[in-house]
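As a plain string of letters, each chain reads:
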Amino acid sequence: MFVSVIIPTYNRLVVLKRAIESVLCQTHRDFELIIVDDGSTDGTVEFLRTIEDERLRVISISHAGVSAARNKGITNSRSELVAFLDSDDEWMDDKLEKQLQYIHNNPDVRVVQTEEIWVRDGKRVNPMKKHKKHSGWIFEPCIPLCIVSPSAVMIHQEVFKKCGMFDESLPACEDYDLWLRIALEYPIITMDEKLIVKYGGHADQLSRTTPVMDSYRILALKKILNHPKITPSQKKMVEESIAAREKIIQQGALKRLGKPLTSL
């Protein structure tokens, strides 16, 4: 099966090389690798010109954020199956092969992700229980936090046509927003194999550079309240999560600023 692999990147040349190598070394060879450079100024474009592989396609855009970069890759992809890889992560060499085999054996599946290995500040760590990935109709477990990883997921183009793509107005939590929408429409299957390495702890991660991350989670949750397929019980869970997050933000504002925020 032919797959479109999309790597969005912005000024991550040092780690980007590792990500690219992990794709080009896949045991499954039938893919296109679309690298969307989001206006990098660190020599990324010059480096990409040195790679001689006919499967590689490079798209350059003015700096617009990871959502715009991923969406540009989706709209320019040639396969019905799309896999993402964040430029600071890497795949095991049989990641595509095993996911495609799973899809071959389960042709009705439209979204499938793998388990992952976590490395923080250069050391392997174990995720906490709250980060456990679920499988199937997972909307409710998705509400508290993001349990789908872009680097681990493979998605059929049909899903984007039905659910939309990444929300380019969100500077963070754009993947959380998309997974919520998808989880109301499709089961999200998790394979019980660790086929990616997810790195964390570096200074340019959105979780470190974006202030009050929960405010963007709240925006995503408020958006999903208007989804036509959300049930009354699911809606109640979302509303409770919004209230809890808003309370945490207000408590943080009181502690830091000595006064509550006027709006979220």
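Here the residue index of a chain counts from 1 through its sequence in written order. Residue-level local features of this predicted model are given only where pLDDT is at least 70; pairs of side-chain atoms are given and counted only at 80 or more, and the full residue set underlies all totals for whole chains, interfaces and linings. Side-chain metrics in this entry use all non-hydrogen atoms of the structure; hydrogen atoms and water are not considered.

Undergrad: Break down empty space enclosed by the protein for me, citing the residues and quoting the values.
TA: Rolled over the atoms, a probe sized like a water molecule indicates the empty space that remains. Grid spacing is 1 Å over the protein atoms alone, the probe is 1.4 Å, and a cavity is where that probe fits but cannot get out, while a pocket is an open set with protein on both sides within 12 Å along at least five of seven lines and lining residues have an atom within 4 Å of a point. Grid points are joined across faces, edges and corners, and a volume is the space filled by probe spheres set on the points. Enumeration over the complete set of coordinates arrives at 1 cavity of 30 Å³ or more. One number sums up the size of the largest cavity: a volume of about 30 Å³. Forming the walls of the largest cavity are Glu116, Ile117, Trp118, Arg124, Val125, Asn126, Pro127 and Lys194. A helix here means a DSSP run of H or I that spans at least four residues, while a strand means a run of E at least two residues long, and both kinds are numbered starting from the N terminus. For the lining of the largest cavity, the elements supplying multiple residues, two or more each, are β6 (111–120) and β7 (123–125). Looking at the lining of the largest cavity element by element, the count peaks at 3 residues for β6.

Undergrad: Hey, could you go over unusual backbone geometry for me, with residue numbers and the actual values?
TA: Positioned with a positive phi, asparagine 11 is a non-glycine residue whose angle comes to about 50°. Secondary-structure assignment places asparagine 11 in the loop between β1 (3–9) and α1 (13–24). Owing to a relative accessible area of 27%, asparagine 11 belongs among the partly exposed residues under this scheme. Even without glycine at this site, cysteine 173 takes up a positive phi of about 60°. One can find cysteine 173 in the loop between α6 (157–163) and α7 (174–183). By relative accessible area, which is 7% here, cysteine 173 ends up buried. A 1.4 Å probe rolled over the protein chains alone gives each residue an accessible area, and that area as a share of the maximum for its type sets the label: buried under 20%, exposed over 50%, partly exposed in between.

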